[in-house]
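# Observations on the three-dimensional arrangement
What follows is the residue order along each chain.
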Protein chains: 2
Amino acid sequence: MKPTDNISPYVIKRLPRYYRYLGELLEEGRVKISSNELSQKMRITASQIRQDLNCFGGFGQQGYGYNVEILRKEISDIIGIEKNNKVIILGAGSMGQAICDNISFEKRGCTLAGIFDKDPLLHGKIIAGHQIMSDEHLPQFCREEQPKIAVLCVPLESARGVCDILIKLGIKSFWNFSHFDINHHFDNVNVENVHLGDSLLTLVYKVNVPRETDIII
Amino acid sequence: MKPTDNISPYVIKRLPRYYRYLGELLEEGRVKISSNELSQKMRITASQIRQDLNCFGGFGQQGYGYNVEILRKEISDIIGIEKNNKVIILGAGSMGQAICDNISFEKRGCTLAGIFDKDPLLHGKIIAGHQIMSDEHLPQFCREEQPKIAVLCVPLESARGVCDILIKLGIKSFWNFSHFDINHHFDNVNVENVHLGDSLLTLVYKVNVPRETDIII
């Protein structure tokens, strides 16, 4: 199945959640699921689920529901999980280390290829099986390894300079923990922002203005 | 201004971004901003901005735009930044530590009140000015300090048990880094999920299916 053009970013945001829930169902040994049951798990309407999947060509069979394994494989292909993108981490402070400890890149179509930090005290230290390298090695490393994704864990004040270097070295995709608005300063880049400050404020709003049912986007 | 009922979760997600951008404008000494300029910064249409702010009663003045300081103060009040919610962190591993290092709770209407971990080797160690405490102290601590928000940095397999204890102790709001679907198992809770795995998969999709313009939700 090929994604049609102009998929809404909200649909894109939901794809990983479909993939995750279908993986859980598969582990439970489930063969099929109705759009109603999937709808309860996803906390969106069954009609929205049908609309979402129709963006990619539609999969369900009227009266049968969805085959869990097939749908999961289709979504995996749509996301591109089998492509095996090489990833580098910029910044080996506590956030870079927490990401290494808590994220399995391999399960998500990625391979961690290298970790860089400008602090000489960190060079040579090993995280997740990789020796932390100096930023000075970036040009040669990128020429040889051709990483596609950079995880940006540097402080806000260094972020712009680091992005500038990486983009010149051919990296176009950023998993951004730095609170720097990459899209405001660079064109033609793919950015996924993890803005922890904004996330905490969203929760503070929910505490302040409680809703009957918490809605997940 | 009071939020009207049934505010869309997408509007709620945008509030922290409005607040942040207006803060940046204020630091630059800006007094007012047109909805067009704010729209370029937010990467949504000017009409969407007017709609968003109308959910909270509307602020702008036709032909003038928005007063930066007043709008920021209104949004701060809507989010509830001045309420000063007490926060506890559960799990002092690398993710708990990265949050302490990278997030200013005070700037976001929160006070870090305590950090807990079940690992005795961590007890007494100091992070962000707080001695890590044993989970056994939770009941007494919650009775005395009445924290409102728990930051969940425990492994997936412990998350359900920890939530059960916290909810019984009166905590209803969770900043959830655990990959455990709290809303699926507990009612009447406010949850803000930081699902790093889903976030990485969203980026992998963008790498796989590049768009002309990256859209920020």
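Residues numbered from 1 in each chain as written. Chains lettered and ligands numbered in written order. Predicted model: local features only at pLDDT ≥ 70, side-chain atom pairs only at ≥ 80, totals over all residues. Heavy atoms only, no water.

Moving on, we get to the sheet that holds strand β7 (residues 149-152) of chain A. Taken together, the seven strands give an open sheet; going across it, the order is β5-β6-β4-β3-β7-β8-β9 (chain A), and neighbouring strands pair in mixed fashion. Lying at the two open borders of the sheet, with one neighbouring strand each, are β5 (126-127) and β9 (190-193) of chain A. Where strand β8 (residues 173-176) of chain A lies against β9(A), four bridges are found, and the strand directions are parallel. In the strand pairing of β9(A), Asn176(A) is matched with Asn193(A). Of the strands in this sheet, β3 (85-90), β7 and β8 of chain A are in contact with helix α7 (residues 156-168) of chain A, which crosses β7(A) at around 170°. In the packing of helix α9 (residues 196-208) of chain B onto the sheet, the strands contacted are β3, β4 (110-117), β7, β8 and β9 of chain A, and the crossing angle to β9(A) comes to about 170°. (Pairing = 2+ DSSP bridges. Helix = DSSP H or I, 4+ residues; strand = E, 2+ residues; numbered from the N terminus. Contact = heavy atoms within 4.5 Å. Axes fitted to C-alpha atoms, helices over the stretch in contact; angles between N-to-C directions.)

Next up on the list: the packing of aromatic side chains. Counted by the stated rule, this structure contains seven aromatic pairs over all chains. Ring geometry for Tyr10(A) and Tyr10(B): centres 4.0 Å apart, planes at 45°, overall tilted. Of this pair, Tyr10(A) sits in helix α1 (residues 9-27) while Tyr10(B) sits in helix α1 (residues 9-27), which puts the two residues in different chains. The partly exposed category is assigned to Tyr10(A), whose relative accessible area is 22%. With 6.5 Å between their ring centres and 85° between their planes, Phe105(A) and Trp175(A) make a pair best called edge-to-face. (Phe/Tyr/Trp six-rings, centres within 6.5 Å; stacked < 30°, edge-to-face > 60°. Buried < 20%, exposed > 50% of the residue type's maximum accessible area, 1.4 Å probe, protein only.)

Between α1(A) and α9(B), the shortest axis-to-axis distance is 8 Å and the interhelical angle comes to 120°. With respect to α9(B), the axis of α1(A) lies oblique. In this structure, the crossing between α1(A) and α9(B) has a hand that is right-handed. In contact with Ile12(A), Lys13(A), Leu15(A), Pro16(A), Arg17(A), Tyr19(A) and Arg20(A) of α1(A), α9(B) contributes Asp198(B), Leu201(B), Thr202(B) and Tyr205(B). Partitioning the contact of α1(A) with α9(B) into residue classes produces six nonpolar, one polar and four charged. (Parallel < 35°, antiparallel > 145°, perpendicular 65-115°, else oblique. Left-handed = near helix turned anticlockwise from the far one by under 90°. Nonpolar A, V, L, I, M, F, W, Y, C, P; charged D, E, K, R; others polar.)

The next subject is α9(B). An α-helix turns once per 3.6 residues; consequently, residues spaced three or four apart project the same way. Residue and element names in this part refer to chain B. Taking 1.5 Å of rise per residue, the 13 residues of α9 would be expected to cover 18 Å, and the 18 Å separating its terminal C-alpha atoms lies within 8% of that figure. Burial of α9 is extensive: twelve of the 13 residues sit out of reach of the surface. Taken together, the buried positions of α9 are Leu196, Gly197, Asp198, Ser199, Leu200, Leu201, Thr202, Leu203, Val204, Tyr205, Lys206 and Val207. (Expected span 1.5 Å × (residues − 1).)

A separate point is the environment of Tyr18(B). Residues and elements named next belong to chain B. Mapped onto the secondary structure, Tyr18 falls in helix α1. Taking relative accessible area as the criterion, Tyr18 reaches 0% and is therefore assigned buried. Here the alpha-carbon distance between Tyr18 and Arg72, two residues 54 residues apart in the chain, equals 7.8 Å. In this view, Tyr18 contacts Leu38, Met42, Ile44, Gln48, Ile49, Asp52 and Ile75; residues no more than four positions away in its chain are not counted.

All names here are of chain B. The interhelical angle for the contact between helix α2 (residues 35-42) and helix α3 (residues 46-54), taken along N-to-C directions, is 95°, at an axis separation of 8 Å. Between α2 and α3, the crossing angle belongs to the class labelled roughly perpendicular. Residue-level inspection shows Ser35, Asn36, Leu38, Ser39 and Met42 of α2 in contact with α3, the latter providing Ala46, Ile49 and Arg50. Of the residues contributing to the contact of α2 with α3, the split by class is four nonpolar, three polar and one charged.

Before going further, it helps to examine the sheet that holds strand β9 (residues 190-193) of chain B. Residue and element names in this part refer to chain B. Taking strand neighbours across the sheet as the criterion, the seven strands line up as β5-β6-β4-β3-β7-β8-β9 in an open arrangement whose pairing is mixed. Each of the sheet's edge strands pairs with one partner strand only, and the pair in question is β5 (126-127) and β9. Taken together, the four bridges between strand β3 (residues 85-90) and strand β7 (residues 149-152) define a ladder with parallel strand orientation. Each bridged residue has a counterpart across the sheet, and for Val87 the counterpart in β7 is Ile149.

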